[in-house]
Structures are given as C-alpha cells and as structure tokens.
Amino acid sequence: MSSNTALKQTLSGFHLWGIAVGLVISGSFFGWSYGWASAGTLGFLIVVLLIALMYCCFIFSLTELSTAIPHAGGPFAYALRAFGPTIGFFAGFATLIEFVFAPPAIAMAIGAYINVQFPYINTKLIACTAFLLFMGLNIIGVHIAATFELVVTLLAIFALILFMVIVAPTLSWEHFASNGWGGQNQFHFSTIEGMLAATPFAIWFFLAIEGASMAAEEAKDPQRTIPKALGAGIITVTLLALLIMLFAGGAKGDWRLLANINDPLPQAMKAVVGAKSIWLNILVWLGLFGLIASLHGIIMGYSRQIFSLAREGYLPPCLAKVNKYTHTPYIAILAGGFVGIGAIFSDSLIIIANQPLTASIMTVAAFGALLMYIISMASLFKLRRTEPDLHRPFKAILYPFAPLFAMVMSILCLITMALYNLELAGCFIGFMGIGYLYFLSTRSFRSKMNPEKP
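Further remarks concern the overall build of the protein chain. Assigned secondary structure in the protein chain consists of 17 helices and two strands. A compact globule built from 454 residues should have a C-alpha radius of gyration of about 22 Å, and the protein chain, at 21 Å, falls within 12% of that. Once the C-alpha set of the protein chain is aligned to its principal axes, its extents read approximately 65 × 45 × 40 Å. Residues classed as buried in the protein chain amount to 59% of the 454 residues present. Pairs at least 24 apart in sequence give 84% of the contacts found in the protein chain among residues at least 6 apart. About 17,600 Å² of surface is accessible on the protein chain, with carbon and sulfur atoms providing 69% of the total. Of note, the protein chain has its 23 positive side-chain charges centred 7 Å away from the centre of its 17 negative side-chain charges.

Written as structure tokens, this is what we have:
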C-alpha cells in the first residue's frame, strides 16, 4: 500500500468506544420523540426494544468481520471480499449515502440549538461554521480528532445522567403508560400501524454506530480493541436510549407535549424545575455536546468510506490521497463537507415529501444503513462458507441465529420504511442508480488499476 494512501495506527480501545457512542449519541437528545406521536410511549418502547435487539445482533456479528478484515471501508471491504465488485459497490455506496447524508441534518440541529440562545445569528451560518470547524479538526490528525470525540461524548453522557438525576424524584409509571398505546390506554390494532410508522425514529437511536469499524486501519491492535469498543458501545447506547425514554416519559407532566418537538429533554426538565432553573440552562448547553459528538464522529466516518472507495477505484482516485504530515484523508473530508454544506444552504430551497431537505435526507440515510446491514450479514454467512480458515479473532455471538435475526429485521425495516416513505425510497434508488452508472463506466479503469478487482 502506498504511503500516500496509508492511514496511521494511533487509536486505543477507549478512543474507539468514544467514536462508536459519539456517532449516535445525538439520537438520545432529539429525533426519537417523534416516534411517540405515532406509536405512543408503550408502542414505541416495543419498537425500540426490537430495534435495539437488531442492532445488538448486528454489531456482535459485524465485529467478526471487522476483526477478520480490518479495513477503512468497513462493510464495503467485507462485501467486496465475499461477493466481488458489484455487491461490494452496493454495500460501499449505501454506506456512503448513510454517512454523507446524516451530517447536514445534525449540523442544522446545532444551528437551531444555538439560535435559541442567540436568535440574531443565522441558523445556516452556525451549521456551516460547525461543519467547517470539525472538518478542520479531522484534517489536523486522527488522534487529536478521536480524543476530542471522546471528551465531547463523555460530556454528552454526563448531560443525559444529569437529566435523569434531576427528573427522577417525579418519576411515575402511570405518567409513562398513560395513553401509551398510540394515544389510548388499551392496545388496539391501529397501534400496529403507528408502531410501523415509528420505525425510523427507533433506528435514529442507533444509526451509524457501525462507523467505528471504519477506524480499524487506525486502531492499535484492532483484533483486540474493536470487539471491546463495539461491544461496550452498543451496550452503552442501548442503556441510554431505554433510560432516556423512561425518564422523559415518566417524569412530571404529559408526555404527549414532548412528541413532535426537537428538544424533548429540556421540555421534560422544564416541567419539573421550571423555565428559569439554572439546571435547565446547564442541560441545554451540555446537550449541545451530544450533537457535536455525532457531527464530528460522522465526518470521520464518511471520510474513511470515501477514502476506501476511492483507493479501490470506485470513486475518483484523488479522493484517496492522505496528507503526508497528518496522515488523514483530507480530500475525502473536504469532498463530503462540500456535499453537506451544499445541503445546508439548500435546506429551504428543496422540498422532498413535504419536508425540508435536511429532514428528508435523514430518512434516505436510514435506507442506506439498512441496505448495508443486509449485505454485511450476507457477507458474514458467505465468508463462513467460502473461507472457513480465515483468521477470526472474534466470532459472531449466537451464530447463525443472531446475524440471521439482524438480517431479517433489517429487511422488514427496509420494506416498512419504503411503504411509508415511497417518495424518499425513490430518491434513494435514484442515488444508488447514479452511483451504479459511475461504477459501470469506470470498470476498465479499475481493471488497469487492479486486475484482480474489476
């Protein structure tokens, strides 16, 4: 591997855990409460438990692949080895859509968050500034970037713990369960439809946690550190998701007032301590670190995916260049940022499915994630059969049942989301189609670049 396209191994297991949790911790602060609006607290709790089980099965299965094939491309590399270039492309491009499309929405949430405190500052300007700042931090060096990610992730977790401690004295199961079945006190068949519609909001708790596997080439002793980091990461995220829902819904007040809003935790705390409490202000500012952790972590994730695809000839080779001083894929970081900043400034200009652009592309990102999960689990099964002697420092827990459950659940979620988001499903298929045309048109280039991988 050329030194111009090689990454430096500097990350510890603690860094990787910080990346895994930081990638998704913003999901505990906003987005999930929209699931209450359609499914109710009890209906949505069941959906989240099923999705959490899916992600646990997926992560503990993906860990086998990430330790056996420690590669910056993650799922792309696994599918390429298992099925060859075409399926490898679909896995890689689906992952690319997931990681490139998620940051603009998080950046806009940061902008809206700060705009509440400083309404005279333009939201898009804040979002763009945040994007540029964390792109720069990622370019400076992966160890510095990962250490920053770890610090802001710990601060975000502290904010969540602070919220739970303050509202705990008012907790009541009656508060949580009241009207918990889609707005009614008894389960009814119409609740099922609401639960299906709430699926994307449950996925939002966990979306992109697999991005930590893309740091495999930069991890010290990846065969040991990755299993510990991913395992501890998914357990941490699952516990936080369940606790935050229970504490927010069970605290003093009516949980229905928290559905369909972007700041459920501050509003839940406000009902307990009042609007002028210093604790509320502390939570608001600490909560910002959750958004920062996810934006910064996903920038790290998309850059590694772009870098990996370009290094294999699936994207223009210039995107695989690594800075000789910082050993970071700086052009990949800039390229993904260009797309993200373009989406930010197009937010109010492009409307898809009656939603602003950044809201819609979050659902498109979820489509990419689910397709990648399906292909990754298929790759695990294929490699178990075709390469039984492949060195596997970690083997999937409860194989084949856990990966099979993750695959089946991902298929069901993908179908459910498509049925409830036909227009956005069409957009996702369109993006994949454009990428596939590029893949076909560059086949001869890849043959010359690497005859074994056309």
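Don't stop here, the text continues.
With that settled, consider the environment of A229. Mapped onto the secondary structure, A229 falls in helix α10 (residues 222–250). Residue A229 is classed as buried on the basis of its relative accessible area, which comes to 4%. Along the chain, A229 and S38 lie 191 residues apart, while their C-alpha atoms are 34 Å from each other.

On to the side chain of T191, then. Tracing the backbone through its elements, the reader meets T191 in helix α8 (residues 189–197). Its relative accessible area of 1% is what places T191 among the buried residues. Those residues within four positions of T191 in sequence are excluded, and the remaining contacts are A39, W181 and G182.

A complete count under the given rule lists zero disulfides for this structure. The closest cysteine sulfur to the non-disulfide-bonded C413 is located on C57, 12 Å from its own sulfur. By relative accessible area, C413 is classed as buried at 5%.

Moving on: the packing of helix α2 (residues 34–68) against helix α15 (residues 401–420). The interhelical angle for the contact between α2 and α15, taken along N-to-C directions, is 130°, at an axis separation of 8 Å. Compared by their axis directions, α2 and α15 come out oblique. In this structure, the crossing between α2 and α15 has a hand that is left-handed. Between α2 and α15, the contacting residues are L50, I51, L53, M54, C57, F58 and S61 on the first element and A402, P403, F405, A406, M409, S410 and C413 on the second. Its residues placed into classes, the contact of α2 with α15 shows twelve nonpolar, two polar and no charged.

Taken together, the side chains of F187, F189, I192, L196, I411, I415, L419 and Y420 make up a nonpolar region of the molecular surface, amounting to roughly 800 Å² of accessible area. Only α8 and α15 provide two or more residues apiece to the nonpolar patch. For I415, a relative accessible area of 46% gives the class partly exposed.

This paragraph deals with the packing of aromatic side chains. Geometrically, a pair of aromatic rings is defined through the distance of the ring centres and the angle of the planes. Tallied over the entire structure, the rule returns 23 aromatic pairs. Between W181 and F187, the aromatic rings sit 5.3 Å apart at their centres with planes inclined by 85°, giving edge-to-face as the arrangement. An aromatic cluster of three or more residues is present, and its members are W32, W36, Y55, F58, F205, F206, W255 and Y373. Above the ring of Y399, the side-chain terminus of R384 is found at 3.9 Å from the ring centroid.

Time to look at the packing of helix α6 (residues 142–167) against helix α12 (residues 278–311). Orientation of α6 relative to α12, taken along the N-to-C sense of each, is 145°, at an axis distance of 8 Å. Handedness of the crossing formed by α6 with α12: left-handed. Class assignment of the residues belonging to the contact of α6 with α12 gives a composition of 20 nonpolar, five polar and two charged.

Tracing the backbone through its elements, the reader meets W204 in the loop between α9 (199–203) and α10. Residue classification places W204 among the buried positions, given a relative accessible area of 12%. Between the C-alpha atoms of W204 and P264, which are 60 residues apart in sequence, the distance is 15 Å.

Moving on: the nonpolar core. Counting 165 residues, the largest nonpolar core has W36, F44, Y55 and F163 as the members making the most contacts within it. Here F44 is in contact with W32, G35, W36, A39, A198, F201, A202, F205 and M245, once residues within four sequence places are set aside.

Along the chain, Y399 connects to P400 via a cis peptide bond; the corresponding omega equals 5°. The residue P400 is located in the loop between α14 (357–386) and α15 in this model. One non-glycine residue, A208, adopts positive backbone phi at about 90°. Residue position: A208 is located in the loop between α9 and α10. With relative accessibility at 3%, the residue A208 sits in the buried group. Unlike most non-glycine residues, H327 shows phi in positive territory, near 60°. By the element assignment, H327 lies in the loop between α12 and α13 (330–345).

Moving on, we come to the pattern of salt bridges. A full pass over the atoms with the stated rule returns four salt bridges. Connected through shared salt-bridge partners, E64, R384 and R392 make up one network.

With that settled, the discussion passes to α8. All of the buried residues along α8 are T191, G194 and M195. Take α8 and look down its axis: the buried residues cluster within an arc of 100°, on one side only.

For the rest of this paragraph, the subject is the environment of G92. Here G92 shows up in helix α4 (residues 85–117). Between the C-alpha atoms of G92 and D389, which are 297 residues apart in sequence, the distance is 25 Å.

About the cut-offs
- Residues numbered from 1 in each chain as written.
- Predicted model: local features only at pLDDT ≥ 70, side-chain atom pairs only at ≥ 80, totals over all residues.
- Heavy atoms only, no water.
- Helix = DSSP H or I, 4+ residues; strand = E, 2+ residues; numbered from the N terminus.
- Rg over C-alpha atoms; globule rule 2.2 N^0.38 Å.
- Buried < 20%, exposed > 50% of the residue type's maximum accessible area, 1.4 Å probe, protein only.
- Contact = heavy atoms within 4.5 Å.
- Areas by Shrake-Rupley, 256 points an atom, 1.4 Å probe, with all protein chains shown as cover.
- Lys, Arg positive; Asp, Glu negative; His and termini not counted.
- Charge placed at Lys NZ, Arg CZ, Asp CG, Glu CD.
- Disulfide = S-S within 2.5 Å.
- Axes fitted to C-alpha atoms, helices over the stretch in contact; angles between N-to-C directions.
- Parallel < 35°, antiparallel > 145°, perpendicular 65-115°, else oblique.
- Left-handed = near helix turned anticlockwise from the far one by under 90°.
- Nonpolar A, V, L, I, M, F, W, Y, C, P; charged D, E, K, R; others polar.
- Patch = residues over 30% accessible without salt bridge, like charges linked within 9 Å, V, L, I, M, F, W, Y side chains within 5 Å.
- Salt bridge = Lys/Arg side-chain N within 4 Å of Asp/Glu carboxyl O.
- Phe/Tyr/Trp six-rings, centres within 6.5 Å; stacked < 30°, edge-to-face > 60°.
- Lys NZ or Arg CZ within 6 Å of the ring centre and 35° of its normal.
- Core = buried A, V, L, I, M, F, W, Y, C linked by side-chain atoms within 4.5 Å.
- Arc of directions from axis to C-beta.

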